[in-house]
Amino acid sequence: MTSRRRIGLAVVGFGWMGQAHSRSYLRLPTLFDNRAYDLELVICSDNVESRRHIAQSDFGFQEVADHWGYAVEHSDVDIVAICAPNMLHETLVTAAAEAGKHVFCEKPVGGTPSQTARAEQACRQAGVITGVGYNYRFAPLVLYAQELIANGDLGPITNYRGRFFSMYGADPMGLLSWRFLIDQAGHGATTDIMSHAVDLALMLNGPISRVVGIGETFIAERPLPSGAGTHYDRGRPGDPVGAVTNEDYFGALAVFANGSHGVFEASRAIVGPQSQMAFDVYGTEGALSWDHETLNELQMFRSSDPQQGYTTVRASERHPFHGAFVPGDANSIGFEDMVAIQDHEFLTAVAEGRPHSAGMEQALSCVSVQAAMLKSWETGAWEDVVSLRID
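Residues numbered from 1 in each chain as written. Predicted model: local features only at pLDDT ≥ 70, side-chain atom pairs only at ≥ 80, totals over all residues. Heavy atoms only, no water.

A. Region of interest: the overall build of the chain. A count of helices and strands for the chain gives 11 helices and 17 strands. Taking 2.2 N^0.38 as the reference for a compact globule, 391 residues should give roughly 21 Å; the C-alpha atoms of the chain span a radius of gyration of 21 Å, in line with that estimate. The buried share of the chain, reckoned over its 391 residues, is 58%. Residue pairs in contact within the chain that sit at least 24 positions apart in sequence constitute 72% of those at least 6 positions apart. Carbon and sulfur atoms provide 50% of the accessible area of the chain, an area that totals close to 16,000 Å². (Helix = DSSP H or I, 4+ residues; strand = E, 2+ residues; numbered from the N terminus. Rg over C-alpha atoms; globule rule 2.2 N^0.38 Å. Buried < 20%, exposed > 50% of the residue type's maximum accessible area, 1.4 Å probe, protein only. Contact = heavy atoms within 4.5 Å. Areas by Shrake-Rupley, 256 points an atom, 1.4 Å probe, with all protein chains shown as cover.)

B. How the structure looks around helix α11 (residues 360-379). Here α11 contains 20 residues, and its C-alpha end-to-end distance of 28 Å stays within 8% of the 28 Å for a straight helix at 1.5 Å per residue. Taken residue by residue, α11 has M360, A363, L364, C366, V367, S368, V369, Q370, A372, M373, L374 and S376 as its buried positions. (Expected span 1.5 Å × (residues − 1).)

C. How the structure looks around the environment of H187. Tracing the sequence through the fold places H187 in the loop between α7 (182-185) and α8 (189-192). Separated by 77 residues in the primary sequence, H187 and G110 place their C-alpha atoms 9.7 Å from one another. If we ignore the near neighbours within four places in the chain, the residues touching H187 are G111, T112, P113, I182, N246, E247, Q370 and L374.

D. Highlighting the pattern of salt bridges. With the rule as written, the count across this model stands at 22 salt bridges. Here R314 and E297 are joined by a salt bridge, their closest N and O atoms 4.0 Å apart. Taken together, the residues R314 in strand β16 (residues 311-314) and E297 in strand β15 (residues 297-302) connect sequence positions 17 residues apart. Residue E297 is classed as partly exposed on the basis of its relative accessible area, which comes to 28%. For D391, the salt bridge identified is with R389, shortest N-O distance 2.6 Å. One network of salt bridges, in which partners are shared, links R4, R35 and D38. (Salt bridge = Lys/Arg side-chain N within 4 Å of Asp/Glu carboxyl O.)

E. Highlighting the side chain of D280. Turning to its location among the elements, D280 is positioned in strand β13 (residues 275-283). Of the polar contacts made by the side chain of D280, one reaches the side chain of S289; its length is 2.6 Å. Setting aside chain neighbours within four positions, we find D280 in contact with N159, Y160, R161, R163, L288 and S289. (Polar contact = N/O pair within 3.5 Å; in protein donor to acceptor, adjacent residues only side chain to side chain.)

F. The arrangement of the sheet that holds strand β3 (residues 63-65) in detail. Spatial strand order, β3-β2-β1-β4-β5-β6: six strands in an open sheet with parallel pairing. The open sheet has two edge strands, β3 and β6 (130-132), and neither has a second partner. Each strand axis lies, on average, 20° off the axis of its neighbour in the sheet, ignoring direction. Against the sheet, helix α2 (residues 49-57) engages β2 (37-45) and β3, with an angle of about 170° to β3. (Pairing = 2+ DSSP bridges. Axes fitted to C-alpha atoms, helices over the stretch in contact; angles between N-to-C directions.)

G. The arrangement of the nonpolar core in detail. Within the largest apolar cluster, 111 residues are counted, with the highest numbers of intra-cluster contacts made by F264 and W290. The element that contributes the greatest number of residues to this core is helix α10 (residues 335-352), accounting for nine residues. With residues near it in sequence (within four places) discarded, W290 still touches Y136, A139, L141, V142, L200, M277, A278, F279, L295, E297 and L298. (Core = buried A, V, L, I, M, F, W, Y, C linked by side-chain atoms within 4.5 Å.)

H. Main features of the pairing of strand β8 (residues 208-216). The sheet contact formed by β8 and strand β11 (residues 249-256) spans eight bridges and is antiparallel. The residue bridging V212 from the neighbouring strand is L253, located in β11. One ladder, built from two bridges, connects β8 with strand β17 (residues 383-384); its direction is antiparallel. Counterpart to V211 in the pairing with β17 is E383.

I. Spatial organisation of the pairing of strand β1 (residues 5-12). With six of its eight residues buried, β1 lies for the most part within the structure. Note that β1 and β2 share eight bridges and pair parallel. When the sheet's bridge partners are listed, R5 is paired in β2 with Y37. Handedness of the crossover joining β1 and β2 through helix α1 (residues 16-31) is recorded here as right-handed. Relative to strand β4 (residues 79-82), β1 runs parallel, the two being bridged by four bridges. Residue pairing across strands places A10 opposite V80, the latter belonging to β4. (Right-handed = clockwise from strand over helix to strand, strands pointing away.)

J. Up close: the packing of α1 against α10. Put simply, α1 and α10 touch, their axes get as near as 8 Å, and they point 70° apart. Judged on the interaxial angle alone, α10 and α1 are roughly perpendicular. Classified by chirality, the crossing of α10 by α1 is right-handed. When α1 is examined against α10, the residues W16, M17, A20, H21, R23, S24, Y25, R27, L28 and L31 are found in contact with a partner set consisting of F335, E336, D337, V339, A340, Q342, D343, H344 and L347. For the contact of α1 with α10, the class distribution of residues is 10 nonpolar, four polar and five charged. (Parallel < 35°, antiparallel > 145°, perpendicular 65-115°, else oblique. Left-handed = near helix turned anticlockwise from the far one by under 90°. Nonpolar A, V, L, I, M, F, W, Y, C, P; charged D, E, K, R; others polar.)

So yeah, pure geometry; function would need other evidence.
Next up, the structure:
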């Protein structure tokens, strides 16, 4: 039997992603019997009483608290998993790192690039292992695509297209949740969903050197929530409204360090695509396309194929991690399975005392691109991507 390290966990924020990660933590022993860790759900912190009750009664957390400070300082906690709103990330990450805890934080680690930079500095100075919630990079076929590109199967890369189109904000009756407010979420589409598209581009195609971009807010006002409403809840005509203070859309052109050219788009208010986190990568010898809406399929083109057409590769146990969930070919996995793979990889890194990717270093690279995009929106010109690392 593999020797396992006991790891005590605190979860701060028990909304959608806090619960998704917690379901993942409960599943991991049933998925990875050769794991290097045994996980203990020590404490969950949330300011909503009903969520705290669910965390303890249904998920099995040993303790709950209404303030994050108890979780961060708890003597039995080794890792703090932060799933709170974006503008709280920097404070929570810094406190956890200074307390000597390893840190997993949902993307994008803060609502602004400067917040991410300060959080990364705090973790680096504390010497803790970090993880960031860029879960799409753990889809088995995305990992397979990374292998193909790294092995040179596509030849030198010439073009890259990354996008995240979502309808969650397309309805003007969608409530004015924290995601639509710059003082609670930070920037909008660039912080929320564009960050996933940029992270995959950096993972698959390497650093980005220059960008030019533009943003827009299409829905200027939304109904005010009467309680703790989310961006999936709806108001009614005639409800009191408030102003949306961050962007619905962002589009950009990019030049990569390897000389290839890229196009990025992200919209939370588009009609049609519902969760189209996708990429297309083109090389001199082939091309690949993947879309989260059909995450168990990868479109592959090889110029050496006499048929000269795209082939659909269906996910199977031959691809990274897929066999942990289902056997055989074309048996599908889903969104929370990607989360489980991500959590397993982070916990393994902590158990083995080594860095994890994506961690704060990758988040810093991502927001350095975002900062250049936002600057370009202001100047209307191409802007160089400059690292925001604070030494």
